[in-house]
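# An overview of the molecular structure
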Amino acid sequence: MSPRTFFDPYVRLFAVPGAGSFSLAGWLARLPMPILGLGAVLLVEGESGSYGLAGAVAGTLALVGSLASPLWARAMDRRGQGAVLRSAFTAYLFTGVGFVAVVVAGAPVWTWFLLSGLTGACGPNVGSIVRARWAHALDADGRQTAFAFESVVDEVVFVLGPPLVTLLATLVNPPVGFLTGIVIGFLGGTWLSRLRDTEPPVRPRDAAAGGRFAAVLNPTVLVVVAAYLAVGTVFGAMDVVVVGFAEAEGAPPMAGLALAAYAAGSLVAGLVYGVLRLPGTLAARYLGCAVLFGLAAQVLLLVGSLPVLVAMAFVAGLAIAPVLVSGMSLVESRVPRSALTEALTWVFTGLTLGVTVG
């Protein structure tokens with residue numbers, strides 16, 4: 001297959017009117033995800049000198065954000081994305097700036113936790129919002145390609161975000177790194193809120209399908225969220241274990257290379273999975289990808305040196321995007337359209353909580 005033929009399905013995605021705009025806006029609105037956590041650590045540690053306090057504040061931001069995002073998603077399913085996005089990201093801007101202000105001003109520490117939690121609570125899960133737009137615009141084959149593309153976008157966000165905030169925090173000053181993430185997120189979210197032509201229509205709630213709890217009580221959602229808790233735990237553990245192993249081997253910088261290889265494996269697999277037309281049902285594909293992910297993680301037990309770690313991390317990373325894309329596709333196919341954004345957001349919440357546990 002030539003490169004041009006391989007990428008044709010992705011080119012066709014952006015033949016959809018407005019797709020380029022909402023995908024780019026969604027990418028900008030997602031960029032703060034890795035920036036704010038690390039930015040909060042660098043900011044608080046710079047002001048207090050305590051990594052323990054910095055980690056606790058950043059953890060509060062992430063945890064509250066993961067628990068609050070399904071509420072924003074439910075509101076969007078009921079009222080439409082535009083108005084809710086504007087409200088959320090306006091509050092996001094003010095609480096984010098407020099958080100930086102209380103830290104820099106040396107306000108009581110409890111206000112640091114309060115404002116960091118509020119900042120996290122005001123950030124909707126943009127990945128699920130963009131995927132809901134793709135689901136509205138495309139057929140089943142197109143949705144697989146679109147969801148795979150969005151998984152690649154997620155990887156790019158986590159590749160670019162940490163170096164960006166680290167450079168800004170160290171070369172300029174710590175508040176600039178965090179504030180840059182807040183401003184980028186606000187601009188992206190506000191832009192996305194104005195793209196009303198590609199917004200999924202509000203659907204009436206179906207009481208027979210579960211009413212207000214249609215998303216969280218859906219059996220498919222529960223199964224995928226439980227599995228993603230485990231997947232997220234692997235992600236979180238990888239961050240810690242790889243750093244620890246690299247330090248034990250006397251080459252801490254190699255940890256970054258190994259984690260980059262892990263993300264690169266997922267990026268490559270995501271691009272390939274998006275153009276494959278695999279046999280079987282969505283449930284069978286998801287089960288196969290989940291088993292593959294579990295098996296791929298075991299190759300890390302073969303690691304005995306840093307070069308082997310980098311190679312095995314890439315191999316293990318090849319299973320990430322398929323399990324994420326297949327799970328999202330399965331959820332999208334099994335929930336009522338009136339609860340789609342919320343259902344996809346619960347999946348991300350499971351993943352985020354798993355990372356925290358890991």
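### Notes on the packing of aromatic side chains
Applying the stated rule across the entire model yields 8 aromatic pairs. For the pair Phe 14 and Phe 149, a centre-to-centre distance of 5.3 Å together with 75° between the ring planes defines the contact as edge-to-face. Of the two residues, Phe 14 sits in the loop between helix 1 (3-13) and helix 2 (19-30) while Phe 149 sits in helix 8 (residues 140-171), which places them 135 residues apart along the sequence. On the basis of an interplanar angle of 55° and a centroid distance of 5.1 Å, the ring pair of Phe 99 and Phe 178 is categorised as tilted. Taken together, the residues span a long stretch of sequence, with Phe 99 in helix 5 (residues 81-104) and Phe 178 in helix 9 (residues 174-194) at a distance of 79 residues. Note on accessibility: Phe 99 and Phe 178 belong to one class, buried. Linked through ring pairs, Tyr 10, Phe 14, Phe 22, Trp 134 and Phe 149 together constitute an aromatic cluster.

### A closer look at the pattern of salt bridges
Within this structure, the stated rule accounts for 7 salt bridges. A salt bridge links Arg 131 to Asp 154, with the nearest nitrogen and oxygen atoms 3.1 Å apart. A residue pair is termed long-range when its members are at least 10 positions apart, and Arg 131 in helix 7 (residues 126-137) and Asp 154 in helix 8 qualify at 23 residues. Each of the two residues, Arg 131 as well as Asp 154, counts as buried.

### So, the packing of helix 2 against helix 8
At a closest axis distance of 10 Å, the pairing of helix 2 and helix 8 adopts a crossing angle of 35°. Considering how the two elements wind past one another, helix 2 and helix 8 form a crossing that is right-handed. Judged by residue contacts, Ser 23, Trp 27 and Arg 30 of helix 2 engage Phe 149, Glu 150, Val 153, Asp 154, Val 156, Val 157 and Leu 160 from helix 8. Taken together, the residues that form the contact of helix 2 with helix 8 break down as 6 nonpolar, 1 polar and 3 charged.

### Examining empty space enclosed by the protein
A complete count under the given rule lists 2 cavities of 30 Å³ or more for this structure. Counted as a void, the largest cavity has a volume near 130 Å³. In terms of lining residues, the largest cavity is bounded by 14 residues, among which Asp 77, Pro 200, Pro 201, Arg 337 and Thr 341 are the most central. Elements with a contribution of two residues or more to the lining of the largest cavity: helix 4 (51-79), helix 7 and helix 15 (340-357).

What counts and what doesn't
- Residues numbered from 1 in each chain as written.
- Predicted model: local features only at pLDDT ≥ 70, side-chain atom pairs only at ≥ 80, totals over all residues.
- Heavy atoms only, no water.
- Phe/Tyr/Trp six-rings, centres within 6.5 Å; stacked < 30°, edge-to-face > 60°.
- Helix = DSSP H or I, 4+ residues; strand = E, 2+ residues; numbered from the N terminus.
- Buried < 20%, exposed > 50% of the residue type's maximum accessible area, 1.4 Å probe, protein only.
- Salt bridge = Lys/Arg side-chain N within 4 Å of Asp/Glu carboxyl O.
- Axes fitted to C-alpha atoms, helices over the stretch in contact; angles between N-to-C directions.
- Left-handed = near helix turned anticlockwise from the far one by under 90°.
- Contact = heavy atoms within 4.5 Å.
- Nonpolar A, V, L, I, M, F, W, Y, C, P; charged D, E, K, R; others polar.
- 1 Å grid on protein atoms, 1.4 Å probe; cavity = no way out; pocket = protein on both sides within 12 Å on 5 of 7 lines; lining within 4 Å.
- Points joined across faces, edges and corners; volume = space filled by probe spheres on them.

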